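Here is what each chain is made of, one letter per residue.
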Amino acid sequence: ARYGTESEAEDHFSILAPSVVLKYALTERINVHAEYFSLISRGKERESQTHFLSPGIHYLLARDVEIGVRGGWGLNDQTPRYFINAGIGLRF
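Quantities reported herein were computed from a predicted structural model and do not represent experimental measurements.

Scoring rules and cut-offs
Residues numbered from 1 in each chain as written. Predicted model: local features only at pLDDT ≥ 70, side-chain atom pairs only at ≥ 80, totals over all residues. Heavy atoms only, no water. Helix = DSSP H or I, 4+ residues; strand = E, 2+ residues; numbered from the N terminus. Rg over C-alpha atoms; globule rule 2.2 N^0.38 Å. Buried < 20%, exposed > 50% of the residue type's maximum accessible area, 1.4 Å probe, protein only. Contact = heavy atoms within 4.5 Å. Phe/Tyr/Trp six-rings, centres within 6.5 Å; stacked < 30°, edge-to-face > 60°. Lys NZ or Arg CZ within 6 Å of the ring centre and 35° of its normal. Pairing = 2+ DSSP bridges.

(A) Quick peek at the overall build of the protein. Along the backbone of the protein there are 0 helices and 7 strands. Along the protein, from the amino end to the carboxyl end, the secondary structure elements read β-β-β-β-β-β-β. The C-alpha radius of gyration of the protein comes to 16 Å, more than 25% above the 12 Å expected for a compact globule of 92 residues. With the principal axes as the frame, the protein shows a C-alpha extent of 50 × 30 × 20 Å. Every one of the 92 residues in the protein was classed for burial, and the buried ones make up 24%. Long-range pairs, those at least 24 residues apart, make up 32% of the contacts in the protein with a sequence separation of at least 6.

Right, here's the structure in full:
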């Protein structure tokens, strides 16, 4: 989980971002995951909660280089219906 503070104009509030991830290795280089995560405001003039479910796949290009793609769905009315993203991870 992550925790931080934010502000919008004169509105100062905190954000809690809990998550749970299940990861499974299909091969030595390929992993899949399923993640639940949310963003929950506290102390905001108009409180918000967004909840997501997201599967993804990751491929290890080299010992310290990974690429991945994931998509997901919003689970409540304050949440976008779907999303997709891709990225690269470098370990150094």
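(B) A look at the environment of Gly43. In this structure, Gly43 sits in the loop between strand 4 (30-42) and strand 5 (49-62). Assessed through its relative accessible area of 53%, Gly43 is described here as exposed. Among all residues touching Gly43, those that are not within four sequence positions of it are Asp11, His12 and Phe13.

(C) Quick peek at the packing of aromatic side chains. Applying the stated rule across the entire model yields 3 aromatic pairs. Summarising the aromatic geometry, the rings of Phe37 and Phe52 are spaced 4.7 Å apart at their centres and angled 15 degrees between planes, so their arrangement reads as stacked. Note that Phe37 is positioned in strand 4 and Phe52 in strand 5, a separation of 15 residues in sequence. In terms of burial, Phe37 and Phe52 fall into one category: buried. Ring centres of Phe37 and Phe83 lie 6.1 Å apart, and the angle between their planes is 70 degrees; on these two criteria the pair is classed as edge-to-face. Here Phe37, found in strand 4, pairs with Phe83, found in strand 7 (residues 82-90); they are 46 residues apart in sequence, far enough to count as distant. Residue Phe37 is classed as buried on the basis of its relative accessible area of 14%. Members of the aromatic cluster, joined through ring pairs, are Phe37, Phe52 and Phe83. Just above the ring of Phe13 sits the side chain of Lys44; from NZ or CZ to the centre is 4.9 Å.

(D) The side chain of Thr50, seen in detail. Mapping Thr50 onto the fold places it in strand 5. Setting aside anything within four residues of it in sequence, one finds Thr50 in contact with Phe37, Ser38, Leu39, Asn76, Gln78 and Thr79.

(E) How the structure looks around the pairing of strand 3 (residues 19-25). Buried residues are scarce in strand 3, accounting for 0 of its 7 residues. Judged from the 7 bridges that link them, strand 3 and strand 4 form a sheet pairing that is antiparallel. Bridging across to strand 4, Ser19 finds its partner in Phe37. The hairpin formed by strand 3 and strand 4 contains 4 residues between the paired strands.

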